[in-house]
Amino acid sequence: MKIVMVLVLIQVCWRCAEAHPLDPLTPSELNLVRTIITNSYPTSSSSNLTFQHVALDEPDKPQILSWLSSKSRAPSLPPRRAFVIARFQKQSLEMTVDLSTRSIISTRVYKGHGFPTLTFVEQGLVSQLPFSYEPFKDSLNKRALNMSQVVCAAFTVGWFGEEKTKRTVKVKCYYTNGTANLYARPLEGVAMVADLDDMRILSFSDRFGIPVPKGEGTEYRLSNLKPPFGPKLNGVNVTQPHRPGFTIDGHSVSWGNWKFHLGFDFQVGAIISLASIYDIEKQRYREVLYRGFISEVFVPYQDPTEEWYYTTYFDCGEYGFGQSASSLEPLTDCPPNAHFLDAFYADANGNPVKITNAFCIFEKHAGDIMWRHTEIAIPNQVITEVRADVSLVVRMVSTVGNYDYVIDWEFKPSGSIKFGVGLTGILGMKGGTYINTDQIKGEIDIHGTLLSDNTIGVYHDHFFTYYLDLDIDGQRNSFVKTTLQTRKVKDPKIPRKSYWTTVSDTAKTEADGRVKLGLEAAELAVVNPNKKTKRGNKTGYRLLPGSVAHPLLVSDDYPQIRGAFSNYNVWVTPYNKSEKWAAGLFVDRSRGDDSLAVRSKKNREIEKEDIVLWYTMGFHHVPSQEDYPVMPTLNVEFELRPTNFFEANPVLKAIVN
């Protein structure tokens, strides 16, 4: 099949775009925030001001819903405000800035545990400290390493029961001589602890002389690879004679029977809001998802040795999933029919930073089937009806250190939303003394897989926790767990001995809404108990889970205390604008006391309430040699699928040109 993409035909209306109250802050607004705050907090050599997190202060939900309901009457927008976390005089400040009055309307000094997200600026500054530190230079000389080929990076250190904590990071270094794959050549045993506020090294260790892994076989750049090449794959050209079917108006997207708003946040990246689907029978749009995003990504490594025990990352709260967004490459990251959108965030100095091509949006023609049936039971007839599937994908890639996360939101005309994560990039690796597994004797545990000479890929987990504020046909929803239970046939005349049936339970409180998947056959759904189909079924959406993993750390281990939101795959909480972060807002060196798991202990009512579904998709990663030197993409996904939401198949009459 021959396809040609004409990108200019995508219907995009930037200049005519209507302002939307959920639009992310613009570069001019970010500049205004910086001006307002720096005028109020003049800095000197002894009192540095840094911007750790600048984002839209999301208007209250009733304001948004009121604005939506009165759009035809040209209502005024809710006030544009920014939420800012800043560091000043070694304190964390939470500020709300009103952009219309150009003033700071609230300021709070954060007194709790934990620190804000690390910025790229301070990560860059602290990673340069070793090069002027004499003990580190001595270690390089001892190993006969060229300092110009050494790269260092900052890593968060977690919390392990300390009564008092400073804003510190671990600095580890790598040797790039002969490769761009720095993570494959660690200077194992060499590490520093540095103070981010004072920008100085507090301690240094050089515990042992493990060989630096070789550079051969670690390269991944095509221009640096040597023959033989393969496999050789043919590309495809795509033609859309009827032009792409989606329109972009500012940050609002319409396609097929869907419309939604696409936002951006420094901490979580992509935010999908106000997703509604058009019901052709009812002739109107119906609410599905008020707001959704990845709230946290918890990545605990499983090496308890001195050099690695602290390696338990929170990629959103510590490093910023949005800050870490990569510029997408046309034709490779996204297909030829993709349209690209930029994103902006504020750096440590408050200046706007542009991420070119932070998002791509495209219609996906993957050769899938929307529905089909072949009927041969009717005499003298063979009836075949098939509809080719098409979907709309919003994609972002967040590169947090060594890992690249491909994040997809896929909208299907059937009413489903698929949430995809592709994991690729480079494994977390440590140096070792082994070159063959035969050398690993007895009870020795290397806490990983031997990938190459002196190179071990460390065991680890990935837990992706999604925040999903579902508003199914309105805000008053309930969470229903339907278990599939075995029954014995009681009629002696029937030779069948057993069958299964369903038993439904509606969660009353938060405790009822916690679910560990995989322990029993069950279906989970969010329903609107006040809206029913003509057959009397409650309208709803069900969760079709993806990869299921439960934490294997003991519950009182410090990383698991901080990541206790992974204890259950599903949580349900009442909507609260301030409760957006699974691990809390100040995650670096946090103690887990502001997490979803702690908030849920309030055990609030969730029946017929405005509720939020939190879903954690996870897996345990045992590295293999195929993951080296760069990892083929591992895809996991889950789905929100209509359940008695429509009167019948919503794509029965779909027409695919």
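If you're wondering where the values come from, they're calculated on a predicted model, not measured in any experiment.

On to the overall build of the protein, then. Of the regular secondary structure elements, the protein holds seven helices and 33 strands. Counting only C-alpha atoms and orienting by the principal axes, one finds that the protein spans roughly 85 × 65 × 55 Å. Looking at the protein as a whole, 53% of its 657 residues qualify as buried. Of the roughly 30,200 Å² of accessible surface on the protein, 50% is carried by carbon and sulfur atoms. For the protein, the distance from the average position of its 72 positive side-chain charges to the average position of its 72 negative side-chain charges is 4 Å.

Moving on, we get to the nonpolar core. Counting residues in hydrophobic clusters, the biggest one holds 84 residues, and the most contacted among them are Val288, Tyr405, Trp409, Tyr466 and Phe479. The contact partners of Trp409, leaving out residues within four places of it in the chain, are Ala270, Ile272, Leu289, Gly292, Phe293, Leu392, Val393, Val394, Lys418, Phe419 and Tyr466. Within the second largest apolar cluster, 25 residues are counted, among which are Val268, Phe298, Trp571 and Trp581.

A few words now on the pattern of salt bridges. Overall, the coordinates contain 43 salt bridges when judged by the stated rule. The salt bridge partner of Asp198 is Lys90, with a shortest N-O separation of 2.8 Å. Of this pair, Asp198 sits in the loop between β8 (186-195) and β9 (200-206) while Lys90 sits in the loop between β3 (81-88) and β4 (91-98); the two residues are 108 residues apart in sequence, bridging distant segments of the chain. The class for Lys90 is exposed, based on a relative accessible area of 52%. Among the charged side chains, a salt-bridge network with shared partners connects Glu510, Glu579, Asp594, Arg599, Lys602 and Arg604.

With that settled, consider the pairing of strand β25 (residues 455-458). The alternating pattern of β25 places Thr455 and Gly457 on one face and Ile456 and Val458 on the opposite face, and all of these are buried. Note: strand β23 (residues 429-431) against β25, three bridges, orientation antiparallel. The residue of β25 that forms the bridge with Lys430 is Ile456. Here strand β24 (residues 448-452) runs beside β25; their pairing, made up of four bridges, is antiparallel. Directly across from Gly448, in β25, lies its bridge partner Val458.

What follows concerns the packing of aromatic side chains. Across all of its chains, the model carries 37 aromatic pairs by this definition. Look at Phe293 and Tyr467: their rings are 4.6 Å apart centre to centre, the planes differ by 10 degrees, and that puts the pair in the stacked class. Here Tyr467 lies in strand β26 (residues 460-470) and Phe293 lies in strand β14 (residues 284-300), a separation of 174 residues in the sequence. Assigned by exposure class, Phe293 and Tyr467 land together as buried. Centroid distance Phe298 to Phe314: 4.7 Å. Interplanar angle 20 degrees. Geometry classified as stacked. Taken as a pair, Phe298 in strand β14 and Phe314 in strand β15 (residues 312-314) lie far apart in primary sequence, 16 residues in all.

Time to look at the sheet that holds β4. One open sheet holds the four strands; their spatial order is β2-β3-β4-β5, and the pairing between them is antiparallel. In the strand order of this sheet, the two ends are held by β2 (49-56) and β5 (103-109), each with one partner. Here the strands of the sheet are splayed against their neighbours by 25 degrees on average, with no regard to which way each runs. Pairing of β2 with β3, which is carried by seven bridges, proceeds in the antiparallel orientation. The residue of β3 that forms the bridge with Thr50 is Arg87.

Taken as a whole and judged by the stated rule, the model has two disulfides. Between the sulfur atoms of Cys152 and its disulfide partner Cys173 the distance amounts to 2.1 Å. In this structure, the disulfide formed by Cys152 and Cys173 twists by about 100 degrees around the S-S bond and is classed as right-handed. Remark: Cys173 occurs in strand β7 (residues 168-175) and Cys152 occurs in strand β6 (residues 150-156); sequence separation between them is 21 residues. Here the two residues Cys152 and Cys173 agree in accessibility, since each one is buried. With a sulfur-sulfur separation of 2.1 Å, Cys334 is cross-linked through a disulfide to Cys360. Looking along the S-S bond of the Cys334-Cys360 disulfide, the torsion reads about -90 degrees, which is the left-handed sense. In this pair, Cys334 is assigned in the loop between α5 (315-319) and β16 (339-346) and Cys360 in strand β17 (residues 352-364), connecting sequence segments 26 residues apart. Across the pair, Cys360 and Cys334 agree in class, each one buried.

Thresholds, definitions, all that
- Residues numbered from 1 in each chain as written.
- Predicted model: local features only at pLDDT ≥ 70, side-chain atom pairs only at ≥ 80, totals over all residues.
- Heavy atoms only, no water.
- Helix = DSSP H or I, 4+ residues; strand = E, 2+ residues; numbered from the N terminus.
- Buried < 20%, exposed > 50% of the residue type's maximum accessible area, 1.4 Å probe, protein only.
- Areas by Shrake-Rupley, 256 points an atom, 1.4 Å probe, with all protein chains shown as cover.
- Lys, Arg positive; Asp, Glu negative; His and termini not counted.
- Charge placed at Lys NZ, Arg CZ, Asp CG, Glu CD.
- Core = buried A, V, L, I, M, F, W, Y, C linked by side-chain atoms within 4.5 Å.
- Contact = heavy atoms within 4.5 Å.
- Salt bridge = Lys/Arg side-chain N within 4 Å of Asp/Glu carboxyl O.
- Pairing = 2+ DSSP bridges.
- Phe/Tyr/Trp six-rings, centres within 6.5 Å; stacked < 30°, edge-to-face > 60°.
- Axes fitted to C-alpha atoms, helices over the stretch in contact; angles between N-to-C directions.
- Disulfide = S-S within 2.5 Å.

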